Amino acid sequence: MTLPCIHGFRTDECSACRSCPHGLVSSRCGRCLKAVSTPALRRASLNAHGVHPSEERAGFEIFYVPAVNGWQVRTDASNPSAESYRSIFLARRAVDDLASGEAAKESKRRT
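Residues numbered from 1 in each chain as written. Predicted model: local features only at pLDDT ≥ 70, side-chain atom pairs only at ≥ 80, totals over all residues. Heavy atoms only, no water.

Draft legend 1. Expanded view of the pattern of salt bridges. The tally for this structure, following the rule as stated, stands at three salt bridges. Taking the shortest distance from any N to any O, the salt bridge between Arg92 and Glu55 comes out at 2.9 Å. Here Arg92, found in helix H3 (residues 88-110), pairs with Glu55, found in strand S1 (residues 55-57); they are 37 residues apart in sequence, far enough to count as distant. For Arg92, a relative accessible area of 12% corresponds to the buried category. Looking at Glu55, the relative accessible area reads 17%, which means it is buried. Arg74 is the salt-bridge partner of Glu61, the closest N and O atoms lying 2.9 Å from each other. (Salt bridge = Lys/Arg side-chain N within 4 Å of Asp/Glu carboxyl O. Helix = DSSP H or I, 4+ residues; strand = E, 2+ residues; numbered from the N terminus. Buried < 20%, exposed > 50% of the residue type's maximum accessible area, 1.4 Å probe, protein only.)

Pasting the structure below:
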């Protein structure tokens, strides 16, 4: 597992800390910036990075769905949620919100 960067993300996911094939930080590399200067090229280069590993968080699974070009959430045995999230960061925030909502429901039931 990759350690988090100073921004709180994994270094291979952080646009400010990720290194490029030229040995520089990708946000500062002129060759990399020139190669992805248009939105269509940017999308193509993001898709070319390949594997999107699924992740477990607060009892939910976050996984990438290529058909919707986004991330979805599900509990262990349930079907995927109807919502899809554009980034893994938004999916993590949604899981945190779902987990806090379930915790609030549990506390109301006990009182």
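Draft legend 2. Local environment of the nonpolar core. Counting 10 residues, the largest nonpolar core is built from Phe60, Ile62, Tyr64, Trp71, Val73, Tyr85, Ile88, Ala91, Ala94 and Val95. Listed by contribution, the elements that provide at least two residues to this core are strand S2 (60-65), strand S3 (70-75) and H3. For this core, the leading source of residues is H3, giving four residues. (Core = buried A, V, L, I, M, F, W, Y, C linked by side-chain atoms within 4.5 Å.)

Draft legend 3. Local environment of the pairing of S3. Bridge count for S2 against S3 is six bridges, and the pairing is antiparallel. Bridge pairing in S3 places Phe63 opposite Gln72. (Pairing = 2+ DSSP bridges.)

Draft legend 4. Region of the structure containing the environment of Leu3. Among the structural elements, Leu3 can be located in the segment before helix H1 (30-35). Not counting residues within four places of it along the chain, the set of residues in contact with Leu3 comprises Phe9, Arg10 and Thr11. (Contact = heavy atoms within 4.5 Å.)

So far we have only geometry, and geometry alone does not tell us how the molecule works.
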